[in-house]
Amino acid sequence: MPRSSHSQTAQIPLIAMRGITKAFPGVLANDAVDLEIFRSEIHALLGENGAGKSTLMKILYGFYRADAGQILLDGQPISIRSPHDARNVNIGMVFQDFTLIPAFSVAENIALFLPDLGAVLDLKEIHRRINELSQRYDLQVDPQAMVSQLSIGEQQKVEILKLLLADARLLILDEPTRVLAPHEVEALFRVLDGLRKDGFAVIFITHKLKEVLECADRITVLRGGRLAGTLPRSTADEEKLVALMFEKKLAGLQVSRQQVRDEAAPPLLELRGVETHGEGAETSLQAIDLKIYPGEIVGVAGVSGNGQKELGDIALGMGKCVRGSKILFGKDVTRLSIRKVRRSGVGFIPENPLTMAVAPFMTVLENMALTQTWRYARLGGMRMDWQSVKTDVDATIQQMGFSFSLYAPARSLSGGNLQRMVIVREMTHNPRLIIASYLTRGLDVQSTIAARQALVQARESGAGVLLISEDLEELFTLSDRLIVLYAGAIAGSFKPEETNVFEVGHLMTGSEGQNDKIS
Amino acid sequence: MTLLSILGVLSSAIFSGTSLLYTTLGEVIDERAGIVNLGLEGVLLVSASSGFAVTALSGNPYIGILVAMLAGGLMNMVLGYLVITRKANQLASGLALMFFGFGLSALIGKPYVSVKINSLSKFILPVIANLPLKYSSLFKFDLLIYLVIPVAIFVWWLLYRTRWGLGVRAVGENTDTAFASGRDPRRIRYQALFVGGMLAGLGAAHLSIVYTMNWAEGMTAGRGFIAVALVIFSKWHPLRAIVGALVFSGAVAFQLLLQASGVNISSNLLDTIPYILTLVVLIAWGGNRRHTAPAMLGRVYQGSE
Amino acid sequence: MTKLAETVSHFPAGGQKMLQTVVRYLLMILLAFFMFGLILLIAGKDPLASYKDIFSSTLGSAYGFSEVIVSMIPMLLTALAVALPFRVGLINIGGEGQLFIGAAFATFAALTFPNLPAWLLLPLMALLGMLGGALWAFIPGYLKSIGLVNETITSLLLNSVAPKIIGFLILGFWHSPRDTVKTPSFVDAARLPTFFGTRIHLGLVFGLVLLVIFWYVMKYTRWGLEMRAIGSNSQAAKRNGIPLAKYLVIVMCLGGAIAGLAGMVQVSGFYGTLFPNFSMSMGFMGFMICWLAGGDPLGIILMAFVVSVIYSGGNLLQLTRGLPYSVINILLAFTLFIVLARPTFFKGKKS
């Protein structure tokens, strides 16, 4: 399909971002990034999680202010200090979590954002304007329908209509296809195509290669906060894009991997055909078949948001299996309580310690006991043996070389220390099965080494580990087996030696890999 | 059970339910903006007592009604200050307002207990006057009763057909989204509280100036809480509140009818019907999204607002 | 996380902070008294003389003081009935209703078994009182745990239903021969014993003992630990293996039981009879006290004391100044308003 062939050198970009730099505590989200968007263009912003795509767009939309750099509108520098400013220059953004009001109708949601809304609502006129635009751009939706009854795809249409009726000329879409079914994705692309023809500019943030190649005019790839490259669709292909998205070389850190896995022993954890139903923004897991044997680390690669949280939760016992069964240490535990699961020897390091594992107003020491209250209860629960907790935990802290106060309230700990605290807690009682999500997120080099060491040691003493991570280097060096999670399903499964970063990268982004060896 | 007796129940329900309906309409507006007023009982008492007192002093019930409305609006402003500006918990603040109302109304009303006043005149609509006297005489009502349904329709129009009402409902559904659309949620909430308070005051005025033509301490007898329940029962919708108010206030009248027919059900038990109905309805809707409260109210009930 | 829970974690703090807190509370109470004084002036009464009345009648004599204690007793229990569920993040605003139903159950025992000896009858009444309150709290607790209805709404509705049921029972079955609006006086065996010729009854012991148990359980025991974990972060608690749904229902019922006990204590210890409006908003007052005290046991005792002084003092105010008794509610409300408005007093330091 021929793309519009405007000569970009002659045109001034609608929006130009020059040298945008933004730092958050502990991470440089954007490092001197340049980006240009022209009218009548669909521009894809591609990259892994943490590459800085969302941050960049939130700066453009006024949620953040860049530490350095400039934004130019039609060649003139402008200042965008809030979403209000952004809307004033006709920039609109559709977030991953829709900001629609479910109890309102489509028309009411749109009316809320109309700049020229009359004091008395003329619903007929609003309906007419909605219908006019929705016809024109194939965004068919009933203006009188209540948003809570619409499918996600339809809700997205409403979000786009909202922007259009508020006179947006540049539309930013954050991961628009994450929650869409394939036919809805096609429909969305048709809409974007129609908008492009009418002179709109569209930026869409994504990590999915296939869509980018199908839909975008130009593609900008970010990696690690930096601009990895911008190229027109005509010269782009999967290989090039994956190469830009993922680091080319692997660090040399090779952990000696002898086969520790006991071939004869039954698996510690087995998921058979497990399916879950995600609500709203959650991902539904589809037909997950997974086995973890004693003495092995199974790595799970994937872009965050493709089912990682749900996989970790279902392994722990949180949430229901709509289909399939879960077998832990040989027994069917599909409906077992989390307490019993933990008691049988499962440790769980979740991806977000503050919201998922920690009681913020209690002290660190108290938090340490929460997963094993039965173990430290004395006199039938009338007292807690804090001395023992301290002793046990101190030993692990020493071993890992961490240091944090046991008596401070947990919420006063830094993100990194919270992670360390959770790691200590979960590893202290030598669990037989460890589920670790984003184990080393927020940790410095030394703690990272210590944490990985702990996993390796656990593996060597016969424990099994499910390691969910975004860090491909970590996955490749630590895993005995590697699976890729995409859109809630397992997209591939192999031994690390049999594959490479690019193949995994392909699978993570939804395109087909070259070989699929399942072990 | 003759037609006469049924009409009698209806008449009685309309007479006592008008005050309840005004109050409920006011609370609907407030809750649509995301604020629950547990102090409604106190607001009603202060409005009733001050309206009655001014009527007695001035001899003019219309002035009394206006004063009652103003009093209601002002009482709600106290709640607004605590909840919106000081960000205090809504439930606790409402209860504090309730206690305040108990005391203030007692102080205001004390000199006027059992004082005679000029009330609103009652008249029969021409249409009804054509009916036989035994029927038409049942429907001799005052101005406020005739106005209550138009007012209910007006409240509906206000909430659903004006830009202001859209903003109020948006604030009650998702304050962040309302803010993102360029509105000031705090200002809108104050406005909603004042309008709602005036309506509540109007209901209280009808109670003391017309219905009982008297002031006595604690005379509202739980009507504030009945209104809160009625708001839920009406699914936060002004037009459904009309039906609800009839049902709620009809219960007592119905009991008298039953008694007259020889069936003797305790008035106490009948009084529980509105609440039990509301509870049943709540359970029946369960997780059904169509019938949920304004979304921001959920946070109130969880203690985080 | 609610601001109240934050307050709880700070209270009581060390040395200087504690002093600042005490001073702050004193200033707030003074401000309330000042505002009420203005109201008295407007009403044509002498504020200073009125305050003298209030304090002399309550703190000035042994009997006055004992009356303050008597007044405190139900508040201790109803406040605790809110404080306990609050630890797991539940808002128990149904104390009024639980109070009534507990009293009804206890009354049933008193009227049905008048011939039992006190050492059998009283514990029976207490147990039934707690059972009644627990049942009344179970409804909202259960509905909440299966995700159907919010517990605050259900509790509020049930609050209004309970007094009607009591009215029905009294009018229909339990009324005394001469008086249709209250039950016959309870026999001596159904009355909680009082102390030293005052009206202070055994309910005080219940209240104080339960508060101490509450304090101990929350601070030292395994269940207290798990409850605090739920209150701090319920999703994390769930992932850590703490059985969330079970705790929610059980704790809500316990809260109801304590409120039900308050009902029993009032009809048995104080009134000696049951009549339709006996609660005097004690349930709501308990909610307010718990809120003001941040759910802390010591704070509950202190705030209950302050409120009782105000309420008891109001009695004399009515007699000597010709004001309706209810006017004292204004002073109470001012105190509540000021605490709720969280004034800072100290340069910009917020608690």
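Because the structure is a prediction, the values reported are computed rather than measured. (Residues numbered from 1 in each chain as written. Chains lettered and ligands numbered in written order. Predicted model: local features only at pLDDT ≥ 70, side-chain atom pairs only at ≥ 80, totals over all residues.)

## Side note on the overall build of chain C
In step 1: Summing up its helical and strand segments, chain C has 14 helices and zero strands in all.
In step 2: Listing the helices and strands of chain C from first to last along the sequence gives α-α-α-α-α-α-α-α-α-α-α-α-α-α.
In step 3: Relative to the 2.2 N^0.38 estimate, which gives 20 Å for 351 residues, the radius of gyration of chain C is 21 Å and therefore close to what a compact globule would have.
In step 4: When the backbone C-alpha atoms are referred to their principal axes, chain C occupies close to 60 × 60 × 35 Å. (Helix = DSSP H or I, 4+ residues; strand = E, 2+ residues; numbered from the N terminus. Rg over C-alpha atoms; globule rule 2.2 N^0.38 Å.)

## Things to note about the nonpolar core
In step 1: Core analysis: the biggest nonpolar cluster contains 378 residues, and L467 of chain A together with I289 of chain C have the highest contact counts within it.
In step 2: Among the elements that make up this core, the one with the highest residue count is helix α11 (residues 244-271) of chain C (16 residues).
In step 3: The residues contacting L467 of chain A, other than those within four sequence positions of it, are I297, V298, G299, V300, A436, L439, L455, L475, L478 and S479 of chain A. (Core = buried A, V, L, I, M, F, W, Y, C linked by C-beta atoms within 7 Å. Buried ≥ 20, exposed ≤ 12 C-beta atoms within 10 Å, placed from the backbone. Contact = placed C-beta atoms within 7 Å.)

## Notes on the sheet that holds strand β7 (residues 170-174) of chain A
Through backbone hydrogen bonds, the strands of a sheet pair up, either in parallel or in antiparallel fashion.
Residue and element names in this part refer to chain A.
In step 1: Taken in spatial order, the six strands of this open sheet run β6-β7-β8-β3-β9-β10, and their pairing is mixed. The sheet terminates laterally at β6 (91-94) and β10 (226-232), the two strands that pair on one side only. When strand polarity is set aside, the average angle formed by the axes of neighbouring strands in this sheet is 15 degrees.
In step 2: As paired strands, strand β9 (residues 218-223) and β10 are joined by six bridges and run antiparallel to one another. Residue R223 lies in a different strand from β10, and its bridge partner there is R226. (Pairing = 2+ DSSP bridges. Axes fitted to C-alpha atoms, helices over the stretch in contact; angles between N-to-C directions.)

## Notes on the pairing of strand β20 (residues 464-468) of chain A
All names here are of chain A.
In step 1: With five of its five residues buried, β20 lies for the most part within the structure.
In step 2: Burial along β20 is two-sided: the face carrying G464, L466 and I468 and the face carrying V465 and L467 are both buried.
In step 3: Summarising the sheet, strand β13 (residues 297-301) and β20 pair through four bridges and their orientation is parallel. In the strand pairing of β20, I297 is matched with V465.
In step 4: Crossover strand β19 (residues 433-437) to β20 through helix α16 (residues 445-460) is right-handed. (Right-handed = clockwise from strand over helix to strand, strands pointing away.)

## Points about helix α3 (residues 47-58) of chain C
All names here are of chain C.
In step 1: Along its twelve residues, α3 runs 17 Å from first to last C-alpha, staying within 8% of the 16 Å computed at 1.5 Å per residue.
In step 2: Listed as buried for α3 are S50, D53, I54, S57 and T58. Along the long axis of α3, the arc covered by the buried residues comes to 105 degrees, so they all point the same way. (Expected span 1.5 Å × (residues − 1). Arc of directions from axis to C-beta.)

## Some remarks on the interface of chain A and chain B
In step 1: At the interface, 17 residues of chain A touch 13 residues of chain B.
In step 2: Counting only elements with at least two residues in the side of chain A that touches chain B, the list comes to α2 (83-88) and α3 (106-112) of chain A.
In step 3: With three residues, α3 of chain A is the largest single contributor of residues to the side of chain A that touches chain B.

## Observations regarding the pairing of β19 of chain A
All names here are of chain A.
In step 1: Within β19, five of the five residues are buried, leaving the element largely enclosed by the surrounding structure.
In step 2: Burial of β19 is two-sided: the residues L433, I435 and S437 facing one way and the residues I434 and A436 facing the other way are all buried.
In step 3: Sheet analysis places β19 next to β20, joined by five bridges and oriented parallel. In the strand pairing of β20, I435 is matched with L466.

## Concerning the sheet that holds strand β14 (residues 323-328) of chain A
In step 1: Overall, antiparallel pairing links the four strands, which are arranged β12-β11-β14-β15 (chain A) in an open sheet. Of all the strands in the sheet, just β12 (288-292) and β15 (331-332) of chain A have a single pairing partner and so form its edges.

## A closer look at the domain arrangement of chain C
Interface size is commonly expressed as the accessible area that is lost once the parts come together.
Residue and element names in this part refer to chain C.
In step 1: When its domains are assigned, chain C resolves into domain 1 (17-45 + 326-351) and domain 2 (62-322).
In step 2: Domain 1 and domain 2 are separated by 27 Å when their C-alpha centres are compared.
In step 3: Contact with domain 1, which involves seven residues of that partner, is made by nine residues of domain 2.
In step 4: Among the elements that make up the side of domain 1 that touches domain 2, the one with the highest residue count is helix α14 (residues 328-341) (five residues).
In step 5: Residues of the side of domain 1 that touches domain 2, tallied by class, amount to six nonpolar, no polar and one charged. (Domains from an automatic or database assignment. Nonpolar A, V, L, I, M, F, W, Y, C, P; charged D, E, K, R; others polar.)

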